[in-house]
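Each chain, letter by letter, is given below.
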Amino acid sequence: MTRSLTLLAALFFVLSTGSSSDAVELTIDQVLMLDAVPLQLPVFHDADRAGTDLDKLFQAAPAIPGKSWPGDDRWELNSGEDGSFKLKGLESGASIQYLLFYVESDHWQKADLIITCTRPVAVGLGSELLTMGEKDDDDLQKGEMTLPAGKHQVVVRVLLDSENAEITLAVNWPDDSGEEGLTTGTNPEHPVTIQTILNAPRVGSVAISPDGRFTVLTLSEYRDGKNRDNWLEIRRTEDLQLVQYLRGMGSPSAVGWHPGSGKQTALTWETSHDDHTTVWHFNLETGETRAVLEHVKDLGRWEWAPDGKSIIYEISRKPEPDSRKVKHVEHPADRQPWWRGRSHLMQAFLTGNLQRQLTAGPLNPDGWKISPDSESLIFFTSENDWVHRPFRISKLWSLDLATLTVRELLNDPWVGNAIFSPDGKTLCLTGSPSAFDGLGRNLPDGVQANDYGGQLYLMDLDDLKPRPVSLDFVPDIAGTEWSRADGMIYARCTDTQHSNIYRYDPKKDQWAKVETGVEYTDQITLPAEGRWAVARGTSANHPNTVQVLDLKKNKVKKTYNPGTEQYEGSGIVFGEVKTWVADLPNGEKLDGMVYYPPNFDLTQEYPLIVYYYGGTSPVTRDFGGRYPKNVWAGQGYVVYVPNPSGATGYGQEMAARHVNDWGRITAGEVIESTKAFLAAHEFAMADKVGCIGASYGGFLTEYIITQTDIYAAAVSHAGISSISSYWGEGMWGYAYGTRALANSYPWNNKELYVEQSPLFHADKITTPLLLVHGDSDINVPVGESDQLFTALKILGREVEYVQIQGQDHHILDHEQRIVWNDTILAFFARHLKDRAGWWNELYPEAKDYR
């Protein structure tokens, strides 16, 4: 007894295996690579299908059996209830036929696919070839499908020999092969998957030429789902039309423009191999490519002098290891294996092949910038100061490139970046509110500022007197660029849930937002002249795009999306993302957002995932990321994202709450906002709520479940279970503590270090908990998960622990990132959907040991 797949329609096409000139032969590997674009797409050459590649053909409107592709009326649905299709009316000659449909599962499960056909068949499930068993006497073949929740594309290929003019093909599965929740059809619309997010083309950087005519994009993708491919595109800025396409160059990086090319425009980049780096110069007009720095060992950052006559670059150097295989650790920073590495600056001139060393000594020149006239540069140096917070002395210096004399410009550990004004007479400095003895503070007396917050200061080089220019500016300032074209300072800012570009007019002392057309702007690049700028960014429901900005009209002129085919052209659909503000019991309002599943139905009930960070920066509306809320929503969850107190981008008072809090305020806000969300939304299942956070958010997860049992499942990635062990053992624990634990130490604030640590309240945890940790994490050591796991096991509580081998604080390996994502979703499916199959498949019970 079998249950038929009910197909609303079937899409097929014919490819001749003979010598006909109007078609090309495709291998099964080419045909079945549907989720990842094949390296060279096959193209149809006949008049009706000229220029149609395989992916586009599959994404076309499905043809109904009996009313198929124009002129190809060949598949028809047989009478009866067996769901079989008949292929008829074929001309003589061998051919390959394809049947395509989709199987959608509302949860992870396995199901047997049964195909009955007298002719040889091959089956593709997604981008993989499905293993089919041997035919039985009734021409029946069976293959086991593993179906995570979502929609899966199935392609059946039939080989027809020259003697058959008609075949019958039936696709079924047994009644008892899988659980309920399977539907079939030919509508290609489906939620986004982690594979698409990781594999689709993405823009890594953009750079506009000095004259504004051209923009270069660095792009990458995983074409086969495993190996990363990198390339460059040079586009005309005004309309983003492709001018030149550069591929097969390895992994070009540090891509930019030569600033002094005169009438000729030249692109520059670097390639590296075995610790040696070459810097290349490519002339767009002549097509000439030449090396300007060749095979340089241990090359660090490099930059063209604005006059284009020389390159200034770093050379790294490492100390000789102790032959006795011991290490005398000088101070806490010396625990970092790279800390003793040092660098110095060099200058190489284009003419005469001359080079010279600019700096030397035991201190690194950091954050260096070259003056607009190419006659000097500025750089920071940093030394340890273990008596005063933040445990370092930071100085800014000016180096005269003619005499190599230096001048100290400032001594302030809270200033982290400096750039020149276009005339070279003023510096734009980025620092915390505590910089310059609190010159940037906008807080009541006695309130410790969150020194992760970014403020902007201007300092004239003639008098070295800083002045704050963002004191009443609410967004938090990160990277800055001072435009030579219009004299404005452009700043990328954390602005509540968004990353926006603002520009500051020094003459009018005014801030204004720059319209970029996206909710999260990663980068803006400015020309030396002209009205155009180029930005790149994403939105909550839209992958990365490149925008041409008209700075005079303050509007987006043109947009380019490199992932159009993978997203818009493949049937991916997103649910809505809406802002939702929670009313807290104390009368305050807490900002947040909600990700809804695609095809959300207000009359249905949905399990809820609550995601947060809480560690000094807000969760923003960028697409994808390490915690892809779109993917979670696509699995049938509503995802609520509150931004608790302590986040930057909401003003200094909100940000200051992060200091020495460690859950005192933030945990209550997450719990109360979750309750408020449940009360306001009947579709959210109150007994099926999960919570998840990472790093500080992982700590928050662990602490929250010591305070409440409203969550049915909790996930902590790289969470901190004991503040004191993280403070002392993490490579940056003490450094993070200079801000988040300002003036609090285990010996003077035991209550914070003990009472706010989840480990010391492990007996209060009753929520099923998944601990996930990279076993090579040097930020939050893996011991933080080890000790809480041990405690919960001794207490007999429900806990799972998965270490990601060889990974640090962030899971970056492509394949491991997929497993990591699946682990989290499988755990939630087990507890929020009562579907344990996925988890049991990933982590079956051990049979060889106990």
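Residues numbered from 1 in each chain as written. Predicted model: local features only at pLDDT ≥ 70, side-chain atom pairs only at ≥ 80, totals over all residues. Heavy atoms only, no water.

### Details of the overall build of the protein chain
Okay, step 1: Helices and strands together make up the secondary structure of the protein chain, namely 15 helices and 50 strands.
Okay, step 2: Taken over 850 residues, the protein chain has a buried fraction of 56%.
Okay, step 3: Put simply, the protein chain shows about 37300 Å² of open surface, and 47% of that area lies on carbon and sulfur atoms. (Helix = DSSP H or I, 4+ residues; strand = E, 2+ residues; numbered from the N terminus. Buried < 20%, exposed > 50% of the residue type's maximum accessible area, 1.4 Å probe, protein only. Areas by Shrake-Rupley, 256 points an atom, 1.4 Å probe, with all protein chains shown as cover.)

### A look at the sheet that holds strand S14 (residues 214-222)
Okay, step 1: Reading across the sheet, the four strands line up as S13-S14-S15-S16 and stay open at both edges, with antiparallel pairing between neighbours. Every interior strand has two partners, whereas the edge strands, strand S13 (202-208) and strand S16 (242-247), have only one. Each strand axis lies, on average, 20° off the axis of its neighbour in the sheet, ignoring direction. (Pairing = 2+ DSSP bridges. Axes fitted to C-alpha atoms, helices over the stretch in contact; angles between N-to-C directions.)

### Description of the sheet that holds strand S18 (residues 266-273)
Okay, step 1: Taking strand neighbours across the sheet as the criterion, the four strands line up as S17-S18-S19-S20 in an open arrangement whose pairing is antiparallel. On the outer flanks of this sheet lie strand S17 (253-257) and strand S20 (289-297), each paired with one strand and no other. Looking at each pair of strands side by side, their axes are set apart by 15° on average, direction ignored.
Okay, step 2: Sheet topology places strand S19 (residues 276-283) next to S20; six bridges connect them, and they run antiparallel.

### Some points on the pairing of strand S49 (residues 769-774)
Okay, step 1: Most of S49 is tucked away: six of the six residues are buried.
Okay, step 2: Here strand S48 (residues 713-717) runs beside S49; their pairing, made up of four bridges, is parallel. Each residue of the ladder has a partner; that of Val715, found in S49, is Leu770.
Okay, step 3: The sheet contact formed by S49 and strand S50 (residues 799-804) spans six bridges and is parallel. Looking across to S50, one finds that Leu770 is bridged to Glu800.
Okay, step 4: At this point the chain moves from S49, through helix H13 (residues 783-794), to the parallel S50, and the crossover so formed is right-handed. (Right-handed = clockwise from strand over helix to strand, strands pointing away.)

### Details of empty space enclosed by the protein
To find the voids left in a structure, one rolls a probe of water-molecule size over its atoms.
Okay, step 1: In the structure shown here, the tally under the stated rule is five cavities of 30 Å³ or more.
Okay, step 2: Estimates place the volume of the largest cavity at around 70 Å³.
Okay, step 3: In this structure, the largest cavity is lined by Asp106, His107, Trp108, Ala149, Gln635, Tyr637, Leu825, Ala829, Lys833, Arg835 and Trp838.
Okay, step 4: Per-class residue counts for the lining of the largest cavity are six nonpolar, two polar and three charged.
Okay, step 5: In this structure, the second largest cavity encloses a volume near 60 Å³. (1 Å grid on protein atoms, 1.4 Å probe; cavity = no way out; pocket = protein on both sides within 12 Å on 5 of 7 lines; lining within 4 Å. Points joined across faces, edges and corners; volume = space filled by probe spheres on them. Nonpolar A, V, L, I, M, F, W, Y, C, P; charged D, E, K, R; others polar.)

### What about the pattern of salt bridges?
Okay, step 1: A complete count under the given rule lists 27 salt bridges for this structure.
Okay, step 2: When the shortest N-O distance is used, the salt bridge between Glu519 and Arg621 registers 3.2 Å. Taken as a pair, Glu519 in the loop between strand S36 (510-514) and strand S37 (520-525) and Arg621 in the loop between strand S45 (606-611) and helix H6 (629-634) lie far apart in primary sequence, 102 residues in all.
Okay, step 3: For Glu519, a relative accessible area of 22% corresponds to the partly exposed category.
Okay, step 4: Taken together, the salt bridges that share partners define one network made up of Glu588, Glu653, Arg657 and Glu669. (Salt bridge = Lys/Arg side-chain N within 4 Å of Asp/Glu carboxyl O.)

### Re helix H11 (residues 733-740)
Okay, step 1: Counting buried positions over the eight residues of H11 gives seven, a clear majority of the element.
Okay, step 2: Where H11 is concerned, the buried positions are Gly733, Tyr734, Tyr736, Gly737, Thr738, Arg739 and Ala740.
Okay, step 3: Where the residues of H11 are buried, they touch strand S27 (392-400), helix H9 (696-704) and helix H10 (723-729). (Contact = heavy atoms within 4.5 Å.)

### A few points about the side chain of His152
Okay, step 1: Within the fold, His152 resides in strand S10 (residues 150-160).
Okay, step 2: Here Pro148 takes part through its backbone oxygen, which lies 2.7 Å from a polar atom of the side chain of His152.
Okay, step 3: When sequence neighbours within four positions are dropped, the list of residues in contact with His152 reads Phe101, Tyr102, Val103, Leu125 and Leu147. (Polar contact = N/O pair within 3.5 Å; in protein donor to acceptor, adjacent residues only side chain to side chain.)

### So, the confidence of the model for the protein chain
Note: predicted coordinates in regions of low pLDDT should not be interpreted at a detailed level.
Okay, step 1: Here the protein chain averages 87 in pLDDT, while 86% of its residues score no lower than 70.
Okay, step 2: The low-confidence segment residues 1-73, where pLDDT is below 50, has 169 contacts with residues more than four positions distant or belonging to other chains. (pLDDT = per-residue confidence, 0-100.)

### Thoughts on the packing of aromatic side chains
Okay, step 1: Across all of its chains, the model carries 37 aromatic pairs by this definition.
Okay, step 2: Consider the rings of Phe574 and Phe623, whose centres lie 5.8 Å apart with planes at 85°: the pair is edge-to-face. Within this pair, whereas Phe574 is found in the loop between helix H5 (564-567) and strand S41 (577-579), its partner Phe623 is found in the loop between S45 and H6, the two being separated by 49 residues in sequence.
Okay, step 3: Since its relative accessible area comes to 26%, Phe574 is described here as partly exposed.
Okay, step 4: Among the residues examined, Phe623 registers a relative accessible area of 11% and is labelled buried.
Okay, step 5: With 4.9 Å between their ring centres and 5° between their planes, Tyr745 and Trp747 make a pair best called stacked. (Phe/Tyr/Trp six-rings, centres within 6.5 Å; stacked < 30°, edge-to-face > 60°.)

### Considerations on the environment of Leu100
Okay, step 1: Mapping Leu100 onto the fold places it in strand S5 (residues 95-105).
Okay, step 2: For the pair formed by Leu100 and Gly185, sequence separation is 85 residues and the distance between their alpha carbons is 9.3 Å.

### Brief notes about H9
Every α-helix winds through 3.6 residues per turn, so residues three or four apart in the chain are directed the same way.
Okay, step 1: Taking burial as the measure, the nine residues of H9 include nine buried ones, the bulk of the element.
Okay, step 2: Of all the positions in H9, only Tyr696, Gly697, Gly698, Phe699, Leu700, Thr701, Glu702, Tyr703 and Ile704 are classed as buried.

### Re a positive patch on the surface
Okay, step 1: Residues Lys553, Lys555, Lys557 and Lys558 make up a contiguous surface patch of positive charge.
Okay, step 2: With respect to the helices and strands, the residue Lys557 is situated in strand S40 (residues 555-560). (Patch = residues over 30% accessible without salt bridge, like charges linked within 9 Å, V, L, I, M, F, W, Y side chains within 5 Å. Lys, Arg positive; Asp, Glu negative; His and termini not counted. Charge placed at Lys NZ, Arg CZ, Asp CG, Glu CD.)

### Structural notes on the pairing of strand S21 (residues 299-304)
Okay, step 1: In terms of strand pairing, S21 meets strand S22 (residues 310-317) through four bridges, oriented antiparallel. Across the sheet, residue Leu299 finds its bridge partner in S22, namely Ile315.
Okay, step 2: Two successive antiparallel strands, S21 and S22, enclose a turn made up of five residues, where Gly308 displays a positive phi of approximately 75°.

### A look at the environment of Val782
Okay, step 1: Position of Val782 among the secondary structure elements: in the loop between S49 and H13.
Okay, step 2: With 56 residues separating them in the primary sequence, Val782 and Tyr726 have C-alpha atoms 9.9 Å apart.
Okay, step 3: With sequence-adjacent residues up to four places away left out, Val782 is seen in contact with His773, Gly774, Asp775, Asp777, Tyr801 and Gln803.

### Overview of unusual backbone geometry
Okay, step 1: Backbone torsion omega between Arg389 and Pro390 reads 10°, so that peptide bond is classified as cis.
Okay, step 2: Along the polypeptide, Pro390 turns up in the loop between strand S26 (376-384) and S27.
Okay, step 3: Residue Ala254 is not a glycine yet carries a positive backbone phi of 50°.
Okay, step 4: The topology assignment puts Ala254 in strand S17.
Okay, step 5: What makes Ala254 partly exposed here is its relative accessible area of 43%.

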